[in-house]
Amino acid sequence: MFPSRATGAADDDARLRDRLVFGDEAAFIDLYDRFSALVHTIAVRVTRDGRAAEDVTQEVFLAIWQRPLAFDPARGSLRAWLAMMAHRRAVDLVRREEAHRRRSVDGQLPAGAIDRGDPVGDQVSDADAAQRLGTALQALPEHLSRAISLAYFEGRTYREVAVELGVPEGTAKSRLREGLRRLAAALSGAPGEEAK
Amino acid sequence: MTGTDSHETVAELIGAWALDACSAAEEELVEAHLATCPACAREGRELREAAAGLGGAHMRPPAGSLDRLRGAARARRRPATPTAPYAAPYAAQVTALDLLLSDLAPADWQRTAAHSELTVRELLAHLAATDSLVAAALGLPVQPPVTPGERLAARTAAALRLERGRTAEQTRRSWREQADAVCRALLGPPAPAIATVTLGRPFPLADALLARAFETWIHGEDIAAVTGRPTVPPLPEHVHVMTDFATRVLPGVVTQRITPPHDRFLRLDLTGDGGGTWTVPLDPAAMAPVAVRPAAVVTLDVVEFCRLAADRRDPRQITVAVRGDAALAREFLAAVPALAPVP
């Protein structure tokens with residue numbers, strides 16, 4: 001056997017990415033097994049449309065298969081990168097639909113368009129999981145969690161968040177940053193500076 | 001805008017950026033700054049990690065999604081072609097080079113590749129020409145037909161004549177199809193009783209495929225260098241077997257370039273993923289005894305050693321540690337690049 005430096009999560013991510021570069025289909029299936037629930041859940045929760053979410057999920061995995069070198073392990077984890085890809089695509093879709101809706105005179109959506117009010121009921125069947133996912137945000141004060149929810153799940157820009165909450169843009173920006181910082185501190189196990 | 005202004009502007013935006021809640025212009029501004037500011041880059045990473053957990057991961061895609069995805073993935077980019085284990089490094093390098101080529105602009109194909117007099121397209125035709133000797137040995141049809149004893153240079157010249165009327169895309173497709181055909185031919189029952197493939201000199205079939213993997217990798221780096229595209233080194237297990245092949249061929253190449261006596265051994269301690277320790281006799285007829293005391297020990301990175309063996313590194317400038325006979329080690333390192341024209 002040969003010695004290996006490959007220890008730690010960053011090396012695992014780099015190794016998986018490299019196997020994709022070399023066209024290893026088994027690596028692609030590993031990737032899907034590990035991250036499809038993460039990607040799909042983000043897509044469902046942002047688009048609130050099962051079919052649209054499935055398209056987002058497919059496109060995220062096709063994108064990394066086609067251009068694996070777009071992911072740079074030095075800049076963050078594969079998990080965070082895939083979550084970003086899923087979120088960006090889902091938000092783009094939602095924003096396009098909303099722009100479309102605003103343009104249409106009577107507010108009627110064309111057939112097949114996303115209905116943001118439609119729950120994806122049968123997919124959110126795991127009550128425990130549904131409760132768990134709210135926990136991280138629930139630990140934050142309401143003014144922070146509300147800003148993050150609007151931005152992340154409703155796909156609002158920070159300017160729209162500011163309007164919605166009736167606060168200056170600078171306040172919206174700092175709430176988003178402070179909220180995420182506290183979540184990051186909780187993740188790393190370190191006591192957040194204002195978490196007491 | 002001064003650097004400080006930019007830093008302040010970006011630092012304020014970083015939470016919104018991590019939640020994809022900026023305008024496109026702001027997103028660009030943030031990402032340009034993250035590339036140059038380690039403190040913001042770290043915060044950006046941490047906030048992205050936190051954002052990744054917001055949605056949870058409790059909903060699976062519907063049944064059948066993976067099958068549809070695999071079909072779509074294959075249509076967008078062909079995976080490595082299944083083949084015999086000893087040809088897996090070759091199949092992997094072919095797939096990675098094809099990925100690089102898929103990203104080239106028309107002008108890139110006309111650039112002169114690094115370490116070469118050939119353009120990118122001609123270099124690919126050269127790879128295909130050498131691959132065709134393996135293909136012909138396996139009984140696959142090749143264009144133009146191989147004449148017995150045909151030299152590599154003549155083979156490449158013939159291939160270049162054939163390529164003249166083709167588009168870059170045609171060159172790429174025919175190279176890839178031939179490589180895939182070679183991989184598939186090796187997969188079946190071990191019917192082809194091929195003892196050797198002549199690539200400059202006769203090689204056992206498995207070694208010929210390692211030589212092809214090696215050359216495909218190195219020319220891929222030549223193409224990436226001149227077109228400014230990223231590449232990754234081969235997988236550690238592939239680096240390891242390619243290095244093993246190189247060290248087996250090495251004695252025959254270095255012996256006439258090293259001052260006698262040749263009844264000595266040199267140890268290569270190659271570090272990094274895929275590395276290992278090899279004892280190299282200076283006499284190609286000698287077998288390295290199990291417990292031999294080497295005249296010199298040379299330690300360097302395994303991937304850098306491969307690039308040296310491909311004549312892509314200057315032996316006087318490569319990072320290396322030497323113990324024992326320093327003069328012998330110097331002569332040896334200077335001789336290693338002579339391995340390059342062998343396959």
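Check the entry above for the structure.
What counts and how
- Residues numbered from 1 in each chain as written.
- Chains lettered and ligands numbered in written order.
- Predicted model: local features only at pLDDT ≥ 70, side-chain atom pairs only at ≥ 80, totals over all residues.
- Heavy atoms only, no water.
- Helix = DSSP H or I, 4+ residues; strand = E, 2+ residues; numbered from the N terminus.
- Buried < 20%, exposed > 50% of the residue type's maximum accessible area, 1.4 Å probe, protein only.
- Contact = heavy atoms within 4.5 Å.
- Lys, Arg positive; Asp, Glu negative; His and termini not counted.
- Charge placed at Lys NZ, Arg CZ, Asp CG, Glu CD.
- Axes fitted to C-alpha atoms, helices over the stretch in contact; angles between N-to-C directions.
- Parallel < 35°, antiparallel > 145°, perpendicular 65-115°, else oblique.
- Left-handed = near helix turned anticlockwise from the far one by under 90°.
- Nonpolar A, V, L, I, M, F, W, Y, C, P; charged D, E, K, R; others polar.
- Pairing = 2+ DSSP bridges.
- Phe/Tyr/Trp six-rings, centres within 6.5 Å; stacked < 30°, edge-to-face > 60°.
- Polar contact = N/O pair within 3.5 Å; in protein donor to acceptor, adjacent residues only side chain to side chain.
- Salt bridge = Lys/Arg side-chain N within 4 Å of Asp/Glu carboxyl O.

### Describing the overall build of chain B
Moving on, step 1. Scanning chain B from N- to C-terminus turns up 13 helices and six strands.
Moving on, step 2. Over its C-alpha atoms, taken along the principal directions, chain B stretches across nearly 70 × 50 × 40 Å.
Moving on, step 3. The burial tally for chain B puts 52% of its 343 residues in the buried class.
Moving on, step 4. The long-range fraction of contacts in chain B, counting pairs at least 24 apart against all pairs at least 6 apart in sequence, stands at 70%.
Moving on, step 5. Across chain B, 35 positive and 39 negative side-chain charges occur, with their mean positions spaced 8 Å apart.

### Quick word on the packing of helix α2 (residues 25-47) of chain A against helix α4 (residues 65-76) of chain B
Moving on, step 1. Contact geometry for α2 of chain A and α4 of chain B: axes closest at 12 Å, N-to-C directions at 140°. For the element pair α2 of chain A / α4 of chain B, the angle class is oblique. Note on packing geometry: the crossing formed by α2 of chain A with α4 of chain B is right-handed. Of α4 of chain B, the residues touching α2 of chain A (which contributes E25, F28, I29 and Y32 of chain A) are S65, L66, L69, R70, A73 and R74 of chain B.
Moving on, step 2. Tallied by class, the residues present in the contact of α2 of chain A with α4 of chain B amount to six nonpolar, one polar and three charged.

### Remarks on the sheet that holds strand β5 (residues 296-301) of chain B
Residues and elements named next belong to chain B.
Moving on, step 1. Pairing in this open sheet of four strands is mixed, and the strands run β4-β3-β5-β6 from one edge to the other. This sheet does not close on itself; its edge strands, each paired only once, are β4 (276-281) and β6 (321-324). Across the sheet, the mean angle separating the axes of adjacent strands is 20° when strand polarity is ignored.
Moving on, step 2. Summarising the sheet, strand β3 (residues 265-271) and β4 pair through six bridges and their orientation is antiparallel. Bridge pairing in β4 places L270 opposite G276.

### What to know about the packing of aromatic side chains
Residue and element names in this part refer to chain A.
Moving on, step 1. In this structure the tally under the stated criterion is six aromatic pairs over all chains.
Moving on, step 2. On the basis of an interplanar angle of 55° and a centroid distance of 5.8 Å, the ring pair of F71 and W81 is categorised as tilted. Separated by 10 residues along the polypeptide, F71 in the loop between α3 (50-66) and α4 (78-103) and W81 in helix α4 bring together distant segments of the chain.
Moving on, step 3. Judged by relative accessible area, F71 falls into the buried class, the value being 1%.

### Concerning the side chain of S145 of chain A
Residues and elements named next belong to chain A.
Moving on, step 1. As for its position among the elements, S145 is in helix α6 (residues 142-152).
Moving on, step 2. There is a polar contact of 3.3 Å between the side chain of S145 and the backbone oxygen of E142.
Moving on, step 3. When near neighbours in sequence (up to four residues on either side) are disregarded, S145 contacts L137 and L140.

### Digging into the pattern of salt bridges
Moving on, step 1. Counted by the stated rule, this structure contains 45 salt bridges over all chains.
Moving on, step 2. Here E54 of chain A and R68 of chain B are joined by a salt bridge, their closest N and O atoms 2.4 Å apart. Here E54 of chain A is found in helix α3, whereas its partner R68 of chain B is found in helix α4 on a different chain.
Moving on, step 3. The class for E54 of chain A is buried, based on a relative accessible area of 15%.
Moving on, step 4. Measuring nitrogen to oxygen at the nearest pair gives 2.4 Å for the salt bridge that ties R78 of chain B to D180 of chain B. Of this pair, R78 of chain B sits in the loop between α4 and α5 (88-102) while D180 of chain B sits in helix α9 (residues 168-187), and the two are 102 residues apart along the sequence.
Moving on, step 5. Judged by its relative accessible area of 36%, R78 of chain B falls in the partly exposed class.
Moving on, step 6. Using a relative accessible area of 2% as the deciding quantity, one classes D180 of chain B as buried.
Moving on, step 7. Among the charged side chains, a salt-bridge network with shared partners connects R78, D98, E169, R172, R176 and D180 of chain B.

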